[in-house]
Amino acid sequence: MSVPLGILEDVGTGWWHAMSGGIDRPRRTVVSALRWASGALLLLAVGVGVARPLLVVDGLGIINVRWRADLPIDQRSALERRFGLAVLERDPPTWRYTIADAGRANLEALVMHPDVADTHFVDRQEFRLSADASVTEPRFVSQRFPVVGRWAAEQGPRDLLILALAVAMLTAVPGVPVFLWGLPMSLWVWWRSMLARAVPTLTARTLGQFRVAFGLALFCVVLGDPPPALPLDLHTSLSVLADWPPVHAVAASETACRVLHVTTLVLAGLFIIGYWTRSAYVALVMGIFASRLVELQGRGMHDWDLAMPTLFVLAVVPWGDGFSLDARLAHRPSGEVPAGRLYGLAIWIPGFMLGLALAAAAYAKLSESGLAWITSGAVKYHFLEDAANAPLTWGLWVASHPTVAVLMSLGVIVAEASFIGIIFVRSPWLRFALGCVGLSLFAGFYLFQGVIWWPWLMLFTALLPWPLLDRGAGSTAPPVTTTTPLRAWHVALLAALAVQQALVSVSAVEVEPIMSNFPMYSNTVDSPEEFRRTRRFLFEVGGIDVTARVHAIPNAPDILRRVAEGVADGEGIAAQGATVMTMLRTIRGEYQARYGVNLEAVTVAAEQVTFDWQRGQFNPPTRVLIADVPFQDIDLGF
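Numbers given for residues are sequential positions, taken from 1 along each chain in its written order. At least 70 in pLDDT is required for a residue's local features to be given in this predicted model, at least 80 for side-chain atom pairs to be given and counted, and no such filter applies to totals for whole chains, interfaces and linings, which use all residues. Each side-chain value is worked out from all heavy atoms of the structure, with water and hydrogens disregarded.

Explain the overall build of the chain to me, please; I cannot follow it from the model alone.
A tally of helices and strands in the chain yields 25 helices and 17 strands. The classification of residues rests on relative accessible area computed with a 1.4 Å probe and restricted to protein chains. Under 20% of the type maximum is buried, over 50% is exposed, and intermediate values are partly exposed. Burial statistics for the chain: of 638 residues in total, 47% are counted as buried. The contact criterion used is simple: two residues touch if any of their non-hydrogen atoms lie within 4.5 Å. In the chain, the share of contacts with a sequence separation of at least 24, taken over all contacts with a separation of at least 6, comes to 78%. Accessible area for the chain stands at about 29,800 Å²; split by element, carbon and sulfur atoms hold 63% of it. By the criteria applied, helices consist of DSSP H or I runs no shorter than four residues and strands consist of E runs no shorter than two, each listed in order from the N terminus. Each accessible area value is a Shrake-Rupley result obtained with a 1.4 Å probe; residue values ignore everything except the protein chains displayed when judging cover.

Following this line, the structure appears as C-alpha cells:
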C-alpha cells in the first residue's frame, strides 16, 4: 500500500502548495501567459477566417466503397488515409465517403486496389466521378486530416474566437490563474515522484549485462525478419511514412535490401559488444526503421508497432557505460561503479510501453465492440479464424463452450487493462511475476491462434529481475557512485508518451510502424449464427495447387483474387485497366523467375468452411470456383 498512499500524498501536497501560493511562480507570470495565449488565439481565428476562401475548393465528391470482407480494420484505415477518404456513413461492407482527391490517378489506384471489392459513383473505365455522383458543400482542403479540415472551414474561426474570449476572461477572475497553475504542477509532482519510486537503480555493469541479453534478442528478431525486395508495381505503401521515393527505391532493389539487412546486423553486433555503443544503437534503430518501411510495401507491421517506438525512446539510455568495450577503453578507475535511475530506465521503459500498448488494446476492443466483446465471447471467433495456424485444437473446444469463451474474453480485457500497473512496481520479483502474466497473453496467442510477435516478446527480457545482480554482488563489489539521475526532460518525455498514446487511442489514429491504437482483434460478431469463417482462397495451375507459391509473392494473392472476381462478374482483364495489366505482368515475371514456369492461366477458387457449434469442429470444406485468370489470352509484353 506504500506506493498508492505515496502517490496520493504527492498529489495532495502539490495541490495544497499550488492553491496556497507555495509554488515559486508569481501570479503575474500566469496572467501574462494567459493574455499571450488569448492574443495568439485571436490572431489564429482571424488568420483562418481570412485564408479560408483561398483554401476551400469545389465540393468533395461522395462515393461508395465496398472493401473485401476480411480486410483488417487497421489496413482499411491506412487505405482511407492513402486515398483521402473521409467517412460519412458506416454500413459494412459498403462505406460512404467523401474523397478529397478525385483526380484520375487517385481514382484509378483506388478502383484497382486488390482490397477494394467494388465502388459506386465512380466511372470504372474513365476513372472519374460518375455523372450521378453527389457533391458536398465546399470543404476545407485536407487529405491527411479531413476532420480537422472540415472544422476549420466551417466553425473553426468562431470556436477560436470564443476560446480566445474565455481565456482572456480567466485573467480577471481571482484565483483562477493559481488554479490553472496548480493543477498541472500537482500532476507534475505526482508523475516525478512516481518515477522516483518506480524506476529502479541499476549499476552500469548490470545495465551492460542487460544490453547483451537485449541485444542478442534484438539481433535474432532482426535476423529472422529481413526486408524483402518487391517489384515497384506491387508496392502498396501501407503507411504514409513508407510512401516516398527513397523507400520505394530500396524496396525495389534486392541488392539494396540485402545491404540494409547486413548493415543492420553488423550494427546490432557492435551494440552487443558495446563498441561505439550510443552511436551504434542510434544507427541500429534507424536501420530497423528503414527495414520496416521497406516491408510496409508488402504487409502490415503490427508486430513492430510497439517495438519500434520503444527502441526510439531507449536511445536516452547511456548503453555503453558498463560491461562494454567502450567502458574498458575509457580506463575508468577500478573503484568507480556508476549507478542511477537513468540506467534503470533501460528495464523500466519496455514495461511502460508494454503497459500502454496493452491498455490501448483493451480500450480499442471496448470502444469498437463495447461490452459485447466480453458478453459475446469474442475470443472464440478469433480462435476460429486462425484455427488453421494454431498448434492445438483448444480453440475449437472454447468455441463450443460459450461460458468459457465469455470468461476468457473477460480475462483478456482485465489482463490487458491492468498490466499498466507494472509501472508502479519496483520489486524485481513482482515485476517478473507481472511479466509472466503478460507473457501468458502471448502464449495464448500462439496456442490458440498460432500467432507469435517476436518484436513484442523481446521486450519481456526487461522484466527479468536484473536488479538482483547488483544485490548479489554483495560486499565484493566496488563502492557505487550514483551519477545518473533522471533529468526533467526525461520525466517530460515519459509523460508525453503516455499522453500521446491516449490521444492516439481516442482518435483511432495509426501510422505504422511508430504509432497505433492497437485495434487487433477488437471486433466481434453479434451471434454464432452470423459468424462465417473467412474463405481461404486457393490457386491452381493445370490442376496443381500452387497456393503456397502464390503467397510467396507479396500482394499476389489479393491481386489475383480481385482480377478473378472481376472476370466472374463479366469484366474482362483488359477492361480492368492498365494498372491491373501492369500488376499481372509483374506477377507473371516473378513467378517465372522463382519457379521457372511461364503462367498461362491461374484458377482461383475459394474454400468455404462452416463450424459445428455443438460438436466443436469444422464441417468438411466446400470448394467454390471463382474464375480463371487467363494470362494466355492477353499480351503482357513477354
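Would you explain the packing of helix α8 (residues 204-223) against helix α14 (residues 341-369) in this entry?
Between two packed helices, the angle of one axis relative to the other and the distance separating the axes together describe the packing. To get an axis, a line is fitted to the C-alpha atoms, and for a helix only the part in contact is used. The angle between two axes follows their N-to-C directions and goes from 0 to 180 degrees. One can describe the packing of α8 onto α14 by two numbers: an axis separation of 9 Å at closest approach and a directional angle of 30°. What the angle tells us is that α8 and α14 run roughly parallel. In this structure, α8 meets α14 at a crossing whose hand is left-handed. Residue-level contacts link A204, L207 and F210 of α8 to Y343, A346 and I347 of α14. Asp, Glu, Lys and Arg are counted as charged, while Ala, Val, Leu, Ile, Met, Phe, Trp, Tyr, Cys and Pro are counted as nonpolar; the rest, among them Gly, fall into the polar class. Class assignment for the residues of the contact of α8 with α14 results in 6 nonpolar, no polar and no charged. Throughout, the term roughly parallel applies to angles under 35 degrees, roughly antiparallel to angles over 145, roughly perpendicular to angles from 65 to 115, and oblique to all others. For any pair of crossing helices, the crossing counts as left-handed if the nearer helix is rotated counterclockwise from the farther one by less than a right angle, and right-handed if it is rotated clockwise.

Quick question: what am I supposed to make of the packing of helix α24 (residues 556-568) against helix α25 (residues 578-595) here?
At a minimum axis separation of 11 Å, α24 and α25 run at an interaxial angle of 130°. With respect to each other, α24 and α25 are oriented oblique. α24 and α25 meet at a crossing whose hand is left-handed. Along the contact surface, α24 presents A556, I559, L560 and V563, while α25 presents V580, M583, L584 and I587. A per-class count over the contact of α24 with α25 returns 8 nonpolar, no polar and no charged.

Would you mind going over the nonpolar core with me for this structure?
Soluble, globular proteins show a tendency: their nonpolar side chains are buried together. Among buried residues, the Ala, Val, Leu, Ile, Met, Phe, Trp, Tyr and Cys ones that are joined through side-chain atoms within 4.5 Å form a nonpolar core. Ranked by size, the top nonpolar core spans 75 residues in total, and within it L311, W319, W348 and W456 carry the most contacts. Of all the secondary-structure elements, those providing two or more residues to this core are α7 (176-198), α8, α10 (254-273), α11 (277-295), α12 (307-313), α14, α19 (428-449) and α22 (488-507). Here the element with the most residues in this core is α14; it accounts for 15 residues. Beyond its immediate stretch of four places on either side in the chain, W319 contacts L207, F210, R211, F214, F271, T277, R278, Y281, L314 and A346. Within the second largest apolar cluster, 46 residues are counted, among which are Y97, M112, A133 and V580.

Help me understand the pattern of salt bridges in this model?
Oppositely charged side chains are able to pair whenever their charged atoms sit close together. The salt bridge definition used is simple: a Lys or Arg side-chain nitrogen within 4 Å of an Asp or Glu carboxyl oxygen. Applying the stated rule across the entire model yields 13 salt bridges. Note that E254 and R258 form a salt bridge whose closest N and O atoms lie 3.1 Å from each other. Of this pair, E254 and R258 are both found in helix α10, 4 residues apart, which corresponds to roughly one turn of the helix. One continuous salt-bridge network, built from bridges that share partners, spans D225, R292, E295, R299 and D303.

Would you mind going over the sheet that holds strand β17 (residues 622-629) with me for this structure?
The 4 strands lie next to each other as β13-β12-β14-β17, forming an open sheet whose pairing is antiparallel. Across the chains shown, the open sheet's two edge strands, defined by having one partner strand only, are β13 (544-545) and β17. Two strands pair when backbone bridges link them, and strand β12 (residues 536-541) and β13 are joined in this way by 2 bridges, in the antiparallel orientation. Residue pairing across strands places E540 opposite D545, the latter belonging to β13. Set on the sheet, α24 makes contact with β12, β14 (602-608) and β17; between it and β17 the angle comes to about 85°. The pairing criterion for strands is at least two bridges between them, as found by DSSP.

Is there a simple way to explain the side chain of K380 in this structure?
Residue position: K380 is located in helix α16 (residues 379-385). With residues up to four places along the chain from it excluded, the contact list for K380 reads A399, A405, P528 and W613.

Just to check I follow, could you spell out a nonpolar patch on the surface for this structure?
Each patch is assembled from residues with relative accessible area greater than 30% and no salt bridge, linking like charges that lie within 9 Å and nonpolar side chains (Val, Leu, Ile, Met, Phe, Trp, Tyr) that lie within 5 Å. A cluster of nonpolar side chains, contributed by I273, Y275, W276, L325 and L329, occupies part of the molecular surface with about 510 Å² of accessible area. Of note, L325 is situated in helix α13 (residues 325-329). By relative accessible area, which is 36% here, L325 ends up partly exposed.

Could you clarify how one ought to interpret the packing of aromatic side chains in this entry?
The geometry of two aromatic rings is summed up by the distance between their centres and the angle between their planes. The criterion for an aromatic pair is that two Phe, Tyr or Trp rings (for Trp, the six-membered ring) have centres within 6.5 Å, with stacked assigned to planes under 30 degrees apart, edge-to-face to planes over 60 apart and tilted to the rest. Scanning all chains against the criterion turns up 29 aromatic pairs. A centroid spacing of 6.1 Å and a plane angle of 85° characterise the contact between W429 and F432, whose relative ring orientation is edge-to-face. Of this pair, W429 and F432 are both found in helix α19, 3 residues apart, which corresponds to roughly one turn of the helix. The exposure class of W429 is exposed, given its relative accessible area of 53%. Here the aromatic rings of W456 and F518 are separated by 5.6 Å at their centres, their planes lie at 85°, and the arrangement is edge-to-face. Of this pair, W456 sits in helix α20 (residues 454-457) while F518 sits in the loop between α22 and β12; the two residues are 62 residues apart in sequence, bridging distant segments of the chain. What makes W456 buried here is its relative accessible area of 3%.

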